[in-house]
Amino acid sequence: MSRVTCDLTISLDGFVAGPNQRRSEPLGDGGELLHRWMFEEAEANAAQVEEILAAGAFIMGRNMFAGPGPDMWDEEWRGWWGEEPPYHAPVFVLTHHQHEPLEMQGGTTFHFVTDGIESALAQAREAAGSKDVAIAGGAQTARQYLDAGLMDELRLHISPMILGGGERLLDGVGNLKLEPTEVTGTKLVTHVRYRLPR
């Protein structure tokens with residue numbers, strides 16, 4: 001069976017998005033700076049980026065698709081990812097709002113799942129075949145899969161910055177068993193790979 005993985009970039013004080021998340025700044029104040037390592041040190045971190053995108057299917061929360069807020073997004077809105085999202089695979093979006101699948105350029109199709117995390121995982125596993133399923137985020141989605149014991153590997157990309165507020169990854173998560181298996185890094189990031197024994 002394929003593994004369930006999760007890659008998240010996180011600040012030293014535990015946030016995956018900054019304060020004041022809004023439509024114009026979906027990662028909140030300062031949140032985009034977390035991901036400098038992907039762009040300013042692209043060559044040095046190419047293997048990690050390739051691994052993030054190697055999954056056969058992805059799962060994300062509705063905020064990661066459409067931006068913060070509980071309301072239904074505009075019918076014309078096609079998400080934050082542009083016409084050719086980086087996933088090139090099926091993406092299952094956890095939401096309370098039914099929506100027809102959105103087919104994008106490059107092989108990404110967003111499917112909207114209204115009946116919970118286990119249903120999304122079952123659909124993603126079927127779509128992924130022998131490849132891994134990746135929990136793409138955000139924090140709330142990752143917490144749900146961690147709490148439910150449905151994740152096999154957590155890969156944190158720790159940015160050497162303090163956000164001071166925002167969306168914290170591990171708030172309210174129970175006592176996890178995390179086994180670090182690898183640590184690497186560059187000037188802008190420390191990559192820590194954890195296995196979650198079941």
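All values reported here derive from a predicted model rather than from experimental measurement.

A. Inspection of the sheet that holds strand β11 (residues 189-195) at higher detail. Read from one edge of the open sheet, nine strands run β5-β6-β4-β3-β7-β1-β8-β11-β10, paired in mixed fashion. Lying at the two open borders of the sheet, with one neighbouring strand each, are β5 (102-103) and β10 (179-186). Across the sheet, helix α4 (residues 117-128) is in contact with β1 (4-11), β3 (57-61), β4 (90-94), β6 (109-113) and β7 (133-137); its angle to β4 comes to roughly 180°.

B. Seen up close, α4. Over its twelve residues, α4 runs 16 Å from end to end, which matches the ideal 16 Å to within 8%, given 1.5 Å per residue. Tucked inside the fold, the buried residues of α4 contact β1, β3, β4, β6, β7 and α5 (139-147).

C. Representation of α5. Ala139, Thr141, Ala142, Arg143, Tyr145 and Leu146 are the residues of α5 that are buried. Trailing α5 by a residue or two, Gly149 shows a phi angle of about 70°, which is positive.

D. Layout of the nonpolar core. In this structure, Ile59, Tyr145 and Leu169 are the most contacted members of the largest nonpolar core, which totals 29 residues. Counting residues per element, the ones that place at least two in this core are β1, β3, β4, α4, β7, α5, β8 (153-159) and β11. Considering every element that reaches this core, the biggest residue donor is α4, with five residues. Aside from chain neighbours lying at most four places away, what touches Ile59 is Phe92, Leu94, Ala120, Leu121, Ala124, Val133, Ala134, Ile135, Ala136, Gly137, Thr141 and Tyr145. The next biggest cluster of nonpolar side chains, apart from the first, holds 15 residues, and it includes Ala55, Phe65, Ala89 and Val93.

E. Representation of the pairing of β3 within the structure. When you tally the buried positions in β3, you get five out of five residues, the bulk of the element. The side-chain alternation of β3 yields two buried faces, one formed by Ala57, Ile59 and Gly61 and the other by Phe58 and Met60. Judged from the four bridges that link them, β3 and β7 form a sheet pairing that is parallel. Note that in β7 the partner of Phe58 across the bridge is Ala134. Bridge count between β3 and β4: four bridges; the pairing is parallel.

F. Inspection of the pairing of β6 at higher detail. Counted residue by residue, β6 has four buried out of five residues, so it is predominantly covered. One ladder, built from five bridges, connects β4 with β6; its direction is parallel. Counterpart to Val91 in the pairing with β6 is Phe110. The sheet contact formed by β5 and β6 spans two bridges and is antiparallel. Note that in β6 the partner of Glu103 across the bridge is Thr109.

So, how was this worked out
- Residues numbered from 1 in each chain as written.
- Predicted model: local features only at pLDDT ≥ 70, side-chain atom pairs only at ≥ 80, totals over all residues.
- Heavy atoms only, no water.
- Pairing = 2+ DSSP bridges.
- Helix = DSSP H or I, 4+ residues; strand = E, 2+ residues; numbered from the N terminus.
- Contact = heavy atoms within 4.5 Å.
- Axes fitted to C-alpha atoms, helices over the stretch in contact; angles between N-to-C directions.
- Expected span 1.5 Å × (residues − 1).
- Buried < 20%, exposed > 50% of the residue type's maximum accessible area, 1.4 Å probe, protein only.
- Core = buried A, V, L, I, M, F, W, Y, C linked by side-chain atoms within 4.5 Å.

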